[in-house]
Amino acid sequence: MEKIPYYAITVRRYNILFRHTEWFHQTQALYNEVLLFYYQLYLETFTDEQPGTQEALRILEKLTIVGRDKQPVPNPLPWKKVPLYFRRAAINIATAAAKSYLARDKQEQPTGAFTESVTFYKGMYRDFQGNTISLKLWDGEGWQWSRLRLRGNTVPEEGQMMSPALVLKKDHAELHIPWKIPVADGRGARERIIAENKICSTIFTGQGACAVCCILDSFGKRESSFYIEGGREYANASRQIYDRIKRSEDVQGGGGNAKASYCYWKKLKNLHEHYAHQISRRIIDYCKKQNASVLVLPEYNKDYGNIILASVGKNSPLRLVPSIREKLKYKAWQEGIVVLEVQQHNINSVCSQCGAKIRRKGADFQCVNGHRGSRYLNMAQNLGQKCLDSFKENQKNK
Ligand SMILES: [Zn+2]
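Just so you know, the residues in each chain are numbered from 1, in the order the chain's sequence is written. Where totals are concerned, whole chains, interfaces and linings use all residues; where local detail is concerned, this predicted model gives features only for residues with pLDDT of at least 70, and gives and counts side-chain atom pairs only at 80 or more. Note that the side-chain values use all heavy atoms of the structure and ignore hydrogens as well as water.

- The name an unreviewed UniProt entry gives the protein is Transposase, with Blautia obeum as the organism.

**Considerations on the UniProt feature "domain: Cas12f1-like TNB" (unreviewed entry) in the protein**
Logical step 1: In the numbering used here, UniProt assigns the "domain: Cas12f1-like TNB" (unreviewed entry) feature to residues 324-383.
Logical step 2: The span residues 324-383 carries 33% helix and 27% strand; its end-to-end C-alpha distance comes to 18 Å. UniProt positions are given in the numbering used here, feature names are shortened, and annotations may be inferred rather than shown by experiment. Secondary structure elements are taken from DSSP: a helix is a run of H or I of four residues or more, a strand is a run of E of two residues or more, and numbering for both begins at the N terminus.

**Quick word on the sheet that holds strand 12 (residues 292-298)**
Logical step 1: A strand pair is defined by DSSP finding two or more bridges across the two strands. Judged by pairing direction, the sheet is mixed, and its five strands sit side by side in the order 11-10-9-12-13 without closing on themselves. A single partner strand is all that each edge strand has here, and the edge strands are strand 11 (222-228) and strand 13 (338-342). If you compare each strand with its neighbour and ignore which way they point, the axes differ by 25° on average.
Logical step 2: Taken together, the six bridges between strand 10 (residues 211-216) and strand 11 define a ladder with antiparallel strand orientation. When the sheet's bridge partners are listed, valine 212 is paired in strand 11 with tyrosine 227.
Logical step 3: Residue contacts are counted whenever heavy atoms from the two residues lie within 4.5 Å of one another. Each axis is a line fitted through C-alpha atoms, and for a helix only the stretch in contact is used; angles between axes span 0 to 180 degrees, taken between their N-to-C directions. Running at roughly 160° to strand 11, helix 6 (residues 258-289) makes contact with strand 9 (198-204), strand 10, strand 11 and strand 12 of the sheet.

**Considerations on the coordination of the zinc ion**
Logical step 1: Protein coordination at the zinc ion comes from Cys351 (SG), Cys354 (SG), Cys367 (SG) and His371 (ND1), with a distance range of 2.1 to 2.3 Å.
Logical step 2: Donor residues for the zinc ion sit on one chain with the sequence pattern C-x2-C-x12-C-x3-H. Of this pair, cysteine 354 sits in the loop between strand 13 and strand 14 (358-361) while histidine 371 sits in the loop between strand 15 (364-367) and strand 16 (372-374), and the two are 17 residues apart along the sequence.
Logical step 3: Burial status follows relative accessibility: with a 1.4 Å probe on protein chains alone, a residue under 20% of its type maximum counts as buried, one over 50% as exposed, and anything between as partly exposed. The exposure class assigned to cysteine 354 is partly exposed, which follows from its relative accessible area of 33%.
Logical step 4: Its relative accessible area of 27% is what places histidine 371 among the partly exposed residues. Because no water is among the atoms considered, metal sites can look incomplete, with donors defined as N, O and S atoms within 2.8 Å of the metal, or 3.2 Å for Na, K and Ca.

**Concerning unusual backbone geometry**
Logical step 1: Its identity as a non-glycine residue notwithstanding, lysine 70 has a phi of 65°, on the positive side.
Logical step 2: The class for lysine 70 is exposed, based on a relative accessible area of 66%.
Logical step 3: One non-glycine residue with positive phi stands out, namely asparagine 291, at about 60°.
Logical step 4: The residue asparagine 291 is located in the loop between helix 6 and strand 12 in this model.

**A closer look at the packing of helix 6 against helix 8 (residues 321-334)**
Logical step 1: Two elements in contact, helix 6 and helix 8, have axes separated by 9 Å at closest approach and are oriented at 45°. With respect to helix 8, the axis of helix 6 lies oblique. Here helix 6 and helix 8 pass one another in a crossing that is right-handed. Counting all contacts with helix 6, which are made through His272, Glu273, Ala276, His277, Ile279, Ser280, Arg281, Ile283 and Ile284, the residues of helix 8 involved are Ser323, Ile324, Lys327, Leu328, Tyr330, Lys331 and Ala332.
Logical step 2: Looking at side-chain class alone, the contact of helix 6 with helix 8 contains eight nonpolar, four polar and four charged residues. Roughly parallel here means an angle under 35 degrees, roughly antiparallel means over 145, roughly perpendicular means 65 to 115, and every remaining angle is called oblique. Take the far helix as your reference; a near helix turned counterclockwise from it by less than a right angle gives a left-handed crossing, and one turned clockwise gives a right-handed crossing. As a working rule, the residues Ala, Val, Leu, Ile, Met, Phe, Trp, Tyr, Cys and Pro are called nonpolar, Asp, Glu, Lys and Arg charged, and the rest polar, with Gly in that last group.

**Looking at the sheet that holds strand 14**
Logical step 1: As summarised here, the arrangement of the three strands in space is 14-15-16, forming an open sheet in which the pairing is antiparallel. Pairing within the sheet leaves two strands with one partner each, and these edge strands are strand 14 and strand 16. Between one strand and the next, the sheet's axes are offset by a mean angle of 25°, whatever the strand orientation.
Logical step 2: In this sheet, strand 16 lies alongside strand 15 in antiparallel orientation, the contact comprising three bridges.

**Quick word on the pairing of strand 14**
Logical step 1: Here strand 14 pairs with strand 15 via four bridges, running antiparallel. Its bridge partner lying in strand 15, arginine 359 is registered against glutamine 366.
Logical step 2: Here strand 14 hands over to strand 15 after two residues, with glycine 362 in that stretch at a positive phi of 60°.

**What about the state of the cysteines?**
Logical step 1: Whenever a pair of cysteine sulfur atoms sits within 2.5 Å, that pair is classed as a disulfide. Counted according to the given criterion, the structure contains zero disulfides.
Logical step 2: Cysteine 287 carries a free sulfur, and the closest cysteine sulfur to it, the one in cysteine 200, is 3.8 Å from it.

**Quick look at helix 6**
Logical step 1: An ideal rise of 1.5 Å per residue puts 46 Å on 32 residues; helix 6 measures up with 46 Å between its terminal C-alpha atoms.
Logical step 2: Among the residues of helix 6, those classed as buried are Ser261, Tyr264, Leu268, Leu271, Tyr275, Ala276, Ile279, Ser280, Ile283, Ile284, Tyr286 and Cys287.
Logical step 3: Contact partners of the buried residues in helix 6: strand 9, strand 10, strand 11, helix 5 (231-251), strand 12 and helix 8.
Logical step 4: Asparagine 291 sits one or two residues past helix 6 and shows a positive phi near 60°. The length a helix should cover is 1.5 Å for every residue beyond the first.

**What to know about the packing of helix 2 (residues 53-64) against helix 3 (residues 84-103)**
Logical step 1: At their nearest, the axes of helix 2 and helix 3 sit 10 Å apart, and the two run at 120° to each other. As far as their axial angle goes, helix 3 and helix 2 are oblique. Between helix 2 and helix 3 the crossing geometry is right-handed. For the pair helix 2 and helix 3, the contacting residues are Thr53, Ala56, Leu57, Leu60 and Glu61 in the first and Leu84, Arg87, Arg88, Ile91, Asn92, Thr95 and Lys99 in the second.

**Side note on the environment of leucine 166**
Logical step 1: Structurally, leucine 166 is set in strand 7 (residues 165-168).
Logical step 2: For leucine 166, a relative accessible area of 0% puts it in the buried group.
Logical step 3: Expressed as a C-alpha distance, the spacing of leucine 166 and glutamine 129, which sit 37 residues apart in the sequence, is 17 Å.

**Brief notes about the pattern of salt bridges**
Side chains that carry opposite charge are capable of pairing whenever their charged atoms lie near each other.
Logical step 1: A side-chain nitrogen of Lys or Arg and a carboxyl oxygen of Asp or Glu constitute a salt bridge if their distance falls within 4 Å. Inspection of every chain in the model, using the stated rule, returns 11 salt bridges.
Logical step 2: As a salt-bridge pair, glutamate 55 and arginine 58 come within 3.0 Å of each other at their nearest N and O atoms. Of this pair, glutamate 55 and arginine 58 both sit in helix 2, separated by three residues, roughly a single helical turn.
Logical step 3: Accessibility expressed as a relative area gives 45% for arginine 58, which makes it partly exposed.
Logical step 4: With a shortest N-O distance of 3.1 Å, glutamate 341 and arginine 325 are connected by a salt bridge. Within this pair, whereas glutamate 341 is found in strand 13, its partner arginine 325 is found in helix 8, the two being separated by 16 residues in sequence.
Logical step 5: Take glutamate 341: its relative accessible area is 32%, and that puts it in the partly exposed class.
Logical step 6: Here the salt bridges do not stand alone but share partners, grouping Arg281, Asp285, Lys288 and Glu335 into one network.

Encoded structure:
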């Protein structure tokens, strides 16, 4: 079989330790001036027809940079000593910004100033060692190769490093490095199911076990199941924060203290992110451990989802579901797992063993033929079975 390379891009963020942080600001200021210069030149130059990005770069450089023939150019770049790849990074951002401006409503004024983070193309960075990197920085007078220490993240085990970006935050600086990571298995879901791979179907609940996973072989036989706990802890932590928000508002006479409530909302957001990350990670790890190459989720309908969310209360782990789903998609892709969505119609009303109607009793079910067990696992298994059936149907029709 021919091997097709599949890639996923993931960005890792590192905190930067470096003495001359003022050089970061100098470099970014220069970058944005060069960017603005090319943005304005683009808008002046390409009034009717717009070239492609590569062609735009070529034309803009021809207008501004003296070539080998040493002939004067119509719009010389007003700065000396701007390195080639620094300039090209700025031109590409300028081109994208100008194209997007021209595509919008012309009533708007073009941008008068940029505050973009600097992207370091090749030639502007070197010697990346995992926790150190050298960047070429502008100190206001000249370019300095500067060694930066990086903290707070690891390097992917394999993959290709792409152009890093220097991101200046209010009180610290970060380096964002995109990595192109090979994906082991990029085959489509159909191929996998025909090849008799195992599938993992997962449903979400508002219970302590807030996600329930079930592994089915290609004949629909259940091989294993996994309850992901954490729903109760999430609900408790969320409730505590809401209580504190309420208390803080009461103390303020109902008005609320903007700074305190901002702090609580941030806590809530962090809590939410933390659990969504953790739960999605555990689902993916379980798929990997069980060799399941297809992950089946209930089909998500945004409007319906919002109705459910409105009815479950603000501390329910069901509130995590939209962000869990989002994270699952990219994490699955990075691990070579395909995510499928299947309609959840009926999965909670029939028995996964015999197909008879079930009676629900809290978290349990019982069918007329005497099968009983966890209602949620039953749902997960029905969902997986529906997925397998739909592929088999399609196979027969072919
Ligand atoms: Zn049954």
